[in-house]
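# Notes for the structure review
Below are the chains, spelled out letter by letter.
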Amino acid sequence: MTSLTQLLKHSVVSKKPISESVYTSLLDEQEKLFLPIQNMAKKAQYLHFKNQVYIRGLIEISNYCNNDCDYCGIRCSNKAVQRFRLSDEDILTCCKKGYALGFKTFVLQGGEDLLFDVDRVSKLIRQIKKEFSDCALTLSLGEKPAEVYAEWKKEGADRYLLRHESANSNHYAFLHQSPVDQKRGRTAIYRQNCLYTLKKLGYQTGAGFMVGTPLQTNQHVVEDLLFLQDLQPEMIGIGPYIPHPETPLGKISPIPTPTQRFHKTLYLLSLLRNIHPRALLPSTTALATLIPGGREKGILHGANVVMPNLSPEKTSNKYEIYKNKLNTGSESANGLATLSKALESIGYEINKGIGNYV
Ligand code: SF4
């Protein structure tokens, strides 16, 4: 074991924060440390979760968005998008379909759509929690004022996902430089404060970022890891950046190759499993989209959650945040058996429990 991995182990066992310089070395020495860190991650994963992988039923409720993130295929400036918005009935039908398949967590995800306002979402939360009282409800609906998060928590929402995107103010600004976002005053600090608010309100909170965006440096990633260390989220979603050609960022090159982005994501998943041993870490659709078998690779590097898509077929290919998002076979709820087989082939199995952070 190298001194760096020993240092990492010691910090985790003694619950001492990891310093910026150690994070920097861990990132700079990715090639040398890849396997030892993965092995440590697998041990931590087994210790806390055995070979269990939690499933969350993802429901994409709207691809309307008021924001204009420079990397996102459904940003408001992209006029080529065919927009959709599910009705409340559609959403409840998705939950019913998922519940019948054994899902115990529903994730309502959407762009920042003004028509999904406080009252409408509150009503939906009440309906879902009443009809599926043994299920957890996760929201992923973007930045909201503290009173809105508080209202939704009071109505029964359990968890909230909000990737912080980048903890570095300059890199965050680079990812959000469109006039719409600039005018709206979107900043890294504002987004981070949303996450601290969510934690304070008692949500199981998920943060995260993309790996390999144009101009992202190891120093930026170190800042992401330091932020996560401070926030202590219950869930951490990271995935490789996949360009969307109809976005400003999608036209910027060069960027790391798909293989480089894939490997770095796997390495970071392993690192995160070591640093946040009990966290719920999804193996994201972006991993599976970038390289065949990517989802299983994510699990083998420390991830312990997958999020099959319960959205209706008529809309499930329209939530295209990045290009060619995988949406077939085991990515659909109908493919649960396929997913189960794929996990079995690498020694893991689906856990249909509620999967709270413990
Ligand atoms: S990343 Fe989210 S907030 Fe940004 S444009 Fe896309 S859907 Fe909207």
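Here is a short report on the structure shown in this document. A quick note: this is a predicted structure, and the numbers were derived from the prediction, not measured. (Residues numbered from 1 in each chain as written. Predicted model: local features only at pLDDT ≥ 70, side-chain atom pairs only at ≥ 80, totals over all residues.)

### Here's the deal with the overall build of the protein
Our working rule: Put simply, DSSP marks the helices as runs of H or I at least four residues long and the strands as runs of E at least two long, and each gets a number from the N terminus on. Three exposure classes are used, based on other C-beta atoms lying within 10 Å of a residue's own C-beta, which is placed from the backbone: buried for 20 or more, exposed for 12 or fewer, and partly exposed in between. C-beta atoms are first placed from the backbone for all residues, and any pair lying within 7 Å is then listed as a contact.
Within the protein one finds 14 helices and nine strands. Principal-axis analysis of the C-alpha atoms places the extent of the protein at approximately 55 × 45 × 40 Å. For the protein, the residues scored as buried account for 48% of the 358 residues in total. Within the protein, residue pairs in contact and separated by at least 24 positions form 78% of the contacts whose partners lie at least 6 positions apart.

### A few points about the site of the ligand
How we decide: Any residue whose C-beta atom, as set from the backbone, lies within 6 Å of a molecule or strand is reported as near that molecule or strand. Under the grouping applied here, Gly and all other residues not named as nonpolar or charged are polar, the nonpolar ones being Ala, Val, Leu, Ile, Met, Phe, Trp, Tyr, Cys and Pro and the charged ones Asp, Glu, Lys and Arg.
Taken together, C65, N67, D68, C69, C72, I74, R75, G111, E112, G142 and I321 are the residues near the ligand. For the shell around the ligand, a count of residues per class yields five nonpolar, three polar and three charged.

### Quick look at the packing of helix α3 (residues 30–49) against helix α11 (residues 258–275)
Put simply, the test is: The convention used is that axes are lines fitted to C-alpha atoms, helices contributing only their stretch in contact, and that angles between N-to-C directions extend from 0 to 180 degrees. Convention used here: angles under 35 degrees read as roughly parallel, angles over 145 as roughly antiparallel, angles from 65 to 115 as roughly perpendicular, and any remaining angle as oblique. Crossings are assigned a handedness: left-handed for a near helix turned anticlockwise from the far helix by less than a right angle, right-handed for a clockwise turn.
Interaxial distance between α3 and α11 falls to 8 Å at its minimum, and their mutual angle equals 45°. Here α3 is positioned oblique relative to α11, judged by the angle of their axes. Crossing angle aside, the handedness with which α3 passes α11 is left-handed. Where α3 approaches α11, its residues Q30, F34, I37, Q38, M40, A41, A44 and Q45 are matched on the opposing element by K264, Y267, S270, L271, R273 and N274. Here the contact of α3 with α11 is composed, by residue class, of seven nonpolar, five polar and two charged.

### A closer look at α3
This is how the line gets drawn: Note on bend: at a given residue it equals the angle between the axes fitted to the 7 residues ending there and to the 7 starting there.
The largest bend in α3 amounts to roughly 30° and is located at P36. Looking at α3, one finds that the buried residues are L33, I37, Q38, M40, A41, A44, Q45 and F49. Elements in contact with the buried residues of α3: α1 (3–13), α2 (20–28), β1 (52–55) and α11.

### Observations regarding the sheet that holds β1
Rules: When DSSP finds two or more bridges between a pair of strands, those strands are recorded as paired.
Reading across from one edge, β8-β1-β9 is the order of the three strands in this open sheet, with parallel pairing throughout. Two strands bound the open sheet, and with one partner strand each, they are β8 (305–306) and β9 (349–351). One ladder, built from three bridges, connects β1 with β9; its direction is parallel. In the strand pairing of β9, V53 is matched with I350. Sheet strands touched by helix α14 (residues 336–344): β1, β8 and β9. Its angle to β9, the strand with the most contacts, is close to 125°.

### Here's the deal with the pairing of strand β4 (residues 136–140)
Two faces, one strand: in a regular strand the side chains alternate between the faces of the sheet. Spelled out, the test is: Here is how to tell: hold the view so the strands point away, follow the path from the first strand over the helix to the second, and if it runs clockwise the crossover is right-handed.
Within β4, four of the five residues are buried, which leaves it mostly tucked inside the rest of the structure. Note that strand β3 (residues 105–110) and β4 share five bridges and pair parallel. Pairing of Q109 across the sheet is with S140, part of β4. The β-α-β motif built from β3, the intervening helix α5 (residues 118–131) and the parallel element β4 has right-handed crossover chirality. Here β4 runs beside strand β5 (residues 159–161); their pairing, made up of two bridges, is parallel. Its bridge partner being in β5, T138 is matched across the sheet by R159. After leaving β4, the chain enters helix α6 (residues 146–155) and then returns to the sheet as β5, a path that is right-handed.

### Some points on the pairing of strand β2 (residues 57–62)
Burial of β2 is extensive: six of the six residues sit out of reach of the surface. The parallel pair β2 and β3, bridged by helix α4 (residues 88–101), forms a crossover whose chirality is right-handed.

### Points about the environment of R184
Within the element layout of this structure, R184 appears in helix α8 (residues 179–184). A count of 16 C-beta atoms within 10 Å places R184 in the partly exposed class.

### Details of unusual backbone geometry
Omega for the peptide link from S253 to P254 comes to 0°, which places this bond in the cis form. Along the polypeptide, P254 turns up in the loop between β7 (235–240) and α11. Even without being a glycine, K15 presents a positive backbone phi close to 55°. For K15, the location among the structural elements is in the loop between α1 and α2. Positive phi is not limited to glycine here, since K50 has a value of about 50°. Tracing the chain through its elements places K50 in the loop between α3 and β1.

### Remarks on the sheet that holds strand β6 (residues 204–211)
Taken in spatial order, the six strands line up as β2-β3-β4-β5-β6-β7 in an open sheet, and their pairing is parallel. At either end of the open sheet lies a strand with only one pairing partner, and these are β2 and β7. Neighbour to neighbour, the strand axes of the sheet diverge by 20° on average, direction disregarded.

### Quick look at the packing of α5 against α6
Taken N-terminus to C-terminus, the directions of α5 and α6 make an angle of 20°; their axes are 9 Å apart at the nearest point. Between α5 and α6, the angle is such that the two are roughly parallel. Handedness of the α5/α6 crossing: right-handed. Here V118, V121, S122, I125 and R126 of α5 come into contact with α6, specifically with V148, E151, W152 and E155. When the residues that make up the contact of α5 with α6 are grouped by side-chain class, the tally is five nonpolar, one polar and three charged.

### Topic: α5
Short version of the rule: In this scheme, a helix's expected span is set at 1.5 Å multiplied by one less than its residue total. In this description, the arc belongs to the directions extending from the helix axis to the C-beta atoms.
For α5, which comprises 14 residues, the first-to-last C-alpha distance of 20 Å matches the rise-based estimate of 20 Å (1.5 Å per residue) to within 8%. Buried within α5 we find V121, L124, I125 and I128. One side of α5 carries all its buried residues, which in axial view fall inside an arc of 105°. Of the residues in α5, the exposed ones pointing more than 90 degrees away from the buried face are D119, K123, R126, K130 and E131.

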